[in-house]
Each structure stands twice: as C-alpha cells, then as structure tokens.
Amino acid sequence: MSETLTLTVRGMDCGHCARAVTEAIRAEDPRAEVSVDLPSGTVRAATSLPRERVAAAITAEGYTVEPA
C-alpha cells in the first residue's frame, strides 16, 4: 500500500541534488513516485516505505530532512 509522504529537505539546490534524492529513494523502493520541488525544498514520495526509511535514504546522500 502506497502513501504519499512530503518531506522538507535542506541542502538541495540543483538538478543533481534532485536526481540524487530521487535515486536514493528509488534504491529503497523502485516503484516509488518521487517529485522534488527545489524552490520550496520539498520532496514528495508515493511509496510503501515508512517516513523514517525515506528520510534515512535522503540523509545518507548528505541532505538534512526536517522533522515531521
């Protein structure tokens, strides 16, 4: 069952950042639908993963996920 998560992520400012975050989430859930909005610093992910796991994948790429 998929749920859409919205996370505020600090440190993203370019296409490479968006790609790195998207690939990190999809490495954990290949079927995840991910969209990154750089100006607002938000990541939306339709995924079956829990928020903590998505946040950990993003953090592992060097970005900071704001608490929910």
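The sections below set out a description of the structure shown in this document. The structure presented is a predicted model; accordingly, all values stated were derived computationally and were not measured.

**What about the side chain of T22?**
Logical step 1: Here T22 is to be found in helix α1 (residues 15–28).
Logical step 2: The residues touching T22, leaving out its near neighbours within four places in the chain, are V34 and V36.

**As for the nonpolar core**
Logical step 1: Among the nonpolar cores identified, the biggest contains 18 residues, and V9, I25, I58 and Y63 are the most heavily contacted of them.
Logical step 2: Sorting the residues of this core by element identifies β1 (3–10), α1, β3 (42–47) and α2 (51–60) as the ones contributing at least two each.
Logical step 3: Sort the elements by how many residues they give to this core and α1 lands first, with four residues.
Logical step 4: If sequence neighbours within four positions are ignored, I58 has contacts with V9, V21, I25, Y63 and V65.

**Notes on the sheet that holds β1**
Logical step 1: Spatial strand order, β2-β3-β1-β4: four strands in an open sheet with antiparallel pairing. The open sheet has two edge strands with one neighbour each: β2 (33–37) and β4 (64–65).
Logical step 2: Looking at chain direction, β1 and β4 are connected through two bridges and run antiparallel. Bridge pairing in β4 links R10 to T64.
Logical step 3: Most of the contacts of α1 go to β2, to which it runs at about 155 degrees, and overall it touches β2 and β3.

**Some words on the side chain of T42**
Logical step 1: Checked against the element boundaries, T42 lands in strand β3.
Logical step 2: The exposure class of T42 is buried, given its relative accessible area of 16%.
Logical step 3: Here S40 takes part through its side chain, which lies 2.8 Å from a polar atom of the side chain of T42.
Logical step 4: Apart from residues no more than four positions distant in its own chain, T42 is found in contact with T6, L7, T8, M12, S35, V36 and D37.

Rules of the game
- Residues numbered from 1 in each chain as written.
- Predicted model: local features only at pLDDT ≥ 70, side-chain atom pairs only at ≥ 80, totals over all residues.
- Heavy atoms only, no water.
- Helix = DSSP H or I, 4+ residues; strand = E, 2+ residues; numbered from the N terminus.
- Contact = heavy atoms within 4.5 Å.
- Core = buried A, V, L, I, M, F, W, Y, C linked by side-chain atoms within 4.5 Å.
- Buried < 20%, exposed > 50% of the residue type's maximum accessible area, 1.4 Å probe, protein only.
- Pairing = 2+ DSSP bridges.
- Axes fitted to C-alpha atoms, helices over the stretch in contact; angles between N-to-C directions.
- Polar contact = N/O pair within 3.5 Å; in protein donor to acceptor, adjacent residues only side chain to side chain.

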